[in-house]
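Observations on chain architecture
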Amino acid sequence: MLSVKDLFVAYGQSEALHGISFEAAPKETVAIMGRNGMGKTTLFKSLMGVLPAKAGTVSVAGQDITKDESYRRVAKGIAYVPQGRMIFPTLTVEENIQTGLENATDKRIPDEIYALFPVLWEMRRRKGGNLSGGQQQQLAIARALVTNPKVLLLDEPTEGIQPSIIKDIAKALNEIRKLREISIVVSEQVLSFAMDVADRLFVIEGGRLVHETGALTPTPPTSSNTCLSDPPRLHPRRSRAMPETLIKVDLSKPAPTNEMVHNRWHPDIPMACWVKPGDEFVLETYDWTGGFIKNNDSADDVRDIDLSTVHYLSGPVGVKGAEPGDLLVVDLLDIGAKDDSLWGFNGFFSKKNGGGFLTEHFPQAQKSIWDFHGMFTTSRHVPGVKYAGLIHPGLIGCLPDPKMLEMWNAREQALIDSDPATSGLANPPFAGTAHMGKLTGDAKAKAAAAGARTVPPREHGGNCDIKDLSRGSKIFFPVYVDGAGLSVGDLHFSQGDGEITFCGAIEMAGWVHMKVQLIKGGMAKYGIKNPIFKPSPIKPVYDDYVIFEGISVDEAGKQYYLDVNVAYRQACLNAIEYLKKFGYSGAQAYSILGTAPVQGHISGVVDVPNACATLWLPTAIFDFDINPSAAGPTKFIDGSVQMPLSPDLK
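Residues numbered from 1 in each chain as written. Predicted model: local features only at pLDDT ≥ 70, side-chain atom pairs only at ≥ 80, totals over all residues. Heavy atoms only, no water.

**Looking at helix α1 (residues 40-48)**
Where burial is concerned, most of α1 is hidden: 7 out of the 9 residues are buried. The positive-phi residue at the C-terminal boundary of α1 is G49, with phi of around 90°. (Buried < 20%, exposed > 50% of the residue type's maximum accessible area, 1.4 Å probe, protein only. Helix = DSSP H or I, 4+ residues; strand = E, 2+ residues; numbered from the N terminus.)

**Overview of the domain arrangement of the chain**
On domain assignment, one finds that the chain holds domain 1 (2-213), domain 2 (245-534) and domain 3 (545-646). One C-alpha centre belongs to domain 1, the other to domain 2; they are set 38 Å apart. Each partner contributes residues to the interface: domain 1 has 13 residues there, and domain 2 has 12 residues. Around 960 Å² of area is buried between domain 1 and domain 2 when both sides are counted, 47% of it from carbon and sulfur atoms. Counting every contact that joins domain 1 to domain 2 gives 0 salt bridges. Linking domain 1 to domain 2 there are 3 residue pairs in polar contact (both at pLDDT 80 or more). Counting only elements with at least two residues in the side of domain 1 that touches domain 2, the list comes to α6 (133-145) and α7 (163-179). Considering only residue class, the side of domain 1 that touches domain 2 consists of 4 nonpolar, 8 polar and 1 charged. (Domains from an automatic or database assignment. Contact = heavy atoms within 4.5 Å. Buried area = accessible area lost by both parts, 1.4 Å probe. Salt bridge = Lys/Arg side-chain N within 4 Å of Asp/Glu carboxyl O. Polar contact = N/O pair within 3.5 Å; in protein donor to acceptor, adjacent residues only side chain to side chain. Nonpolar A, V, L, I, M, F, W, Y, C, P; charged D, E, K, R; others polar.)

**Quick look at α7**
Here α7 is 17 residues long and its end C-alpha atoms lie 25 Å apart, about the 24 Å a rise of 1.5 Å per residue gives. What α7 keeps buried is the set P163, I165, I166, I169, A170, A172, L173, N174, I176 and R177. (Expected span 1.5 Å × (residues − 1).)

**Details of the sheet that holds strand β32 (residues 599-604)**
The strand order across the open sheet built from 3 strands is β31-β33-β32, with neighbouring strands paired in antiparallel fashion. What marks the edges here is a single partner per strand, and that holds for β31 (545-551) and β32. Geometrically, the sheet is characterised by an average inter-axis angle of 25° between neighbouring strands, direction not taken into account. Pairing analysis gives 7 bridges linking β31 to strand β33 (residues 612-618), with the strands arranged antiparallel. Directly across from E549, in β33, lies its bridge partner T614. (Pairing = 2+ DSSP bridges. Axes fitted to C-alpha atoms, helices over the stretch in contact; angles between N-to-C directions.)

**Looking at a nonpolar patch on the surface**
Residues I602, V605 and V606 make up a contiguous nonpolar surface patch of about 300 Å² in total accessible area. Note on placement: I602 falls in strand β32. With a relative accessible area of 58%, I602 lands in the exposed category. (Patch = residues over 30% accessible without salt bridge, like charges linked within 9 Å, V, L, I, M, F, W, Y side chains within 5 Å. Areas by Shrake-Rupley, 256 points an atom, 1.4 Å probe, with all protein chains shown as cover.)

**Points about the layout of surface pockets**
Space inside the largest pocket adds up to approximately 1,300 Å³. For the largest pocket, the lining is made up of 43 residues, of which G354, G356, F357, G424 and F502 are closest to its centre. Of all the elements in the fold, those that place two or more residues in the lining of the largest pocket are α10 (402-418), β24 (457-458) and α13 (564-580). Sorting elements by how many residues they give to the lining of the largest pocket places α13 first, with 3 residues. For the lining of the largest pocket, the residue count by class is 16 nonpolar, 14 polar and 13 charged. Taken together, domain 2 (245-534) and domain 3 (545-646) each give at least three residues to the lining of the largest pocket, which thus spans both. (1 Å grid on protein atoms, 1.4 Å probe; cavity = no way out; pocket = protein on both sides within 12 Å on 5 of 7 lines; lining within 4 Å. Points joined across faces, edges and corners; volume = space filled by probe spheres on them.)

And the structure:
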């Protein structure tokens, strides 16, 4: 059905594809596997006519389409589902599918489409932008199928999608192949998905197909599912499940009823589950409050929350063979929101209940709700902004050993004792709301009395709130107990550096797909006592900023000696005052700084007496121009929308 022979494609003088040849027969699925930058998307764009061929031929059902423009290729039987899905966010599901029927005489959507993707029938009146990533991918495939294609091209269909939905997509593709005389070509990095759907697999490297494997006799797997960061060591085709979800959370039930989660650090907390080095797996997580904050227009929950209950972490996950002194290597392969919870929240705690970075300026509880539209987010409480998410765990780390736990508690209690009149210097153990996973009885009571609160970051990792720990990151954790005891939670859809609002980023429930390895004796080999990490290669691209400076002189004019905390606070306050000139309330501006991908930089710490810090605010997140000009600012925000505020109870 599809035949590609000696295809060469170039960008100007730079050749990108070098003699690609392959065929896909009717009722056959072919997968093109390879790392980023190896030529998968270039190949698909060329097959679709978006990029011209320098040499070679492409034919569909015997018809040469090499010179045809894209719309003629569609008419001759090619359908294309691009990377990123590219659905129309403001059209309904039904209207999106109907765009594929533009040239058809019958505009009715075939029943077969909704039979393949039942969720689309249920959501046919919903805007496409309000679907999850997995639902949008199903919508994009449905839109392509109504053109009745001979060849279906799918460019990285699993990117950014929850593992359970990936299974549904694999099932649908296999069903499509049974129902229709169609050739399916998939570009993919997730080997397990390709194994589930493909009859043959090709590996593309440097613009060349360097390996092919066919549908051979099944053999037992010799390694866990793999996400390609290097060219794969291919195995004969076999039926393989997607990575197993080891910990599940039911958002309709209280978090303390789930023995697979905990909200304190203690070496006696039993492992919730065990994995081997090299294993891939998925953990579902609650939001950091365990579901206490609701999707509504009241900040009462932010005002009333008992902060001794947080954070609810999924784990601990034991890693077989891990010993004190090792490094646990954690690859964050993918992260996403739960499909039944496509929203997040941001808020400011009352000064009487924890406060925040700017609590003197915002002393009352306030909240904003953020809705997820695929990779983007917007808020009904903060108008005029939209930004791409960089989903990451705010909190991830391994269990401490008894000596380390004792050290934490001693030094933090000493800090509290150093200034008894000042509240909130640290959070000592509190047994009353401790949830200790699978521990019960006297053992639970004893551990709860000494369990460290999860609020601060410490030597083992913990609540570091590093926004660049996103999909594709690699983290090296010191191991302090046998089995390591890895736990994760506090997922953020998007966050500004410093998480200055404390309640803090766009907080969400979700899932993390990860892989673990060990470096034996790695702590001594590399002199590591705190985690180190490699950041995500996938980031929102913002390249224009307005940058605000702050120095270590507070709002009252008091001089501090090289105090970066004071300097960054001043940079934030300067940014808030600036945004108020465009019509935002102070609270809305503060919420933007806590949730948007702003950068915080330490610019100077040696020029006494002033430290200097800067806050980098990306201009492209706004629906209007915020750059300074001679004309002065325009109040684009009219003040008709405000963030919910709940005054303190008397």
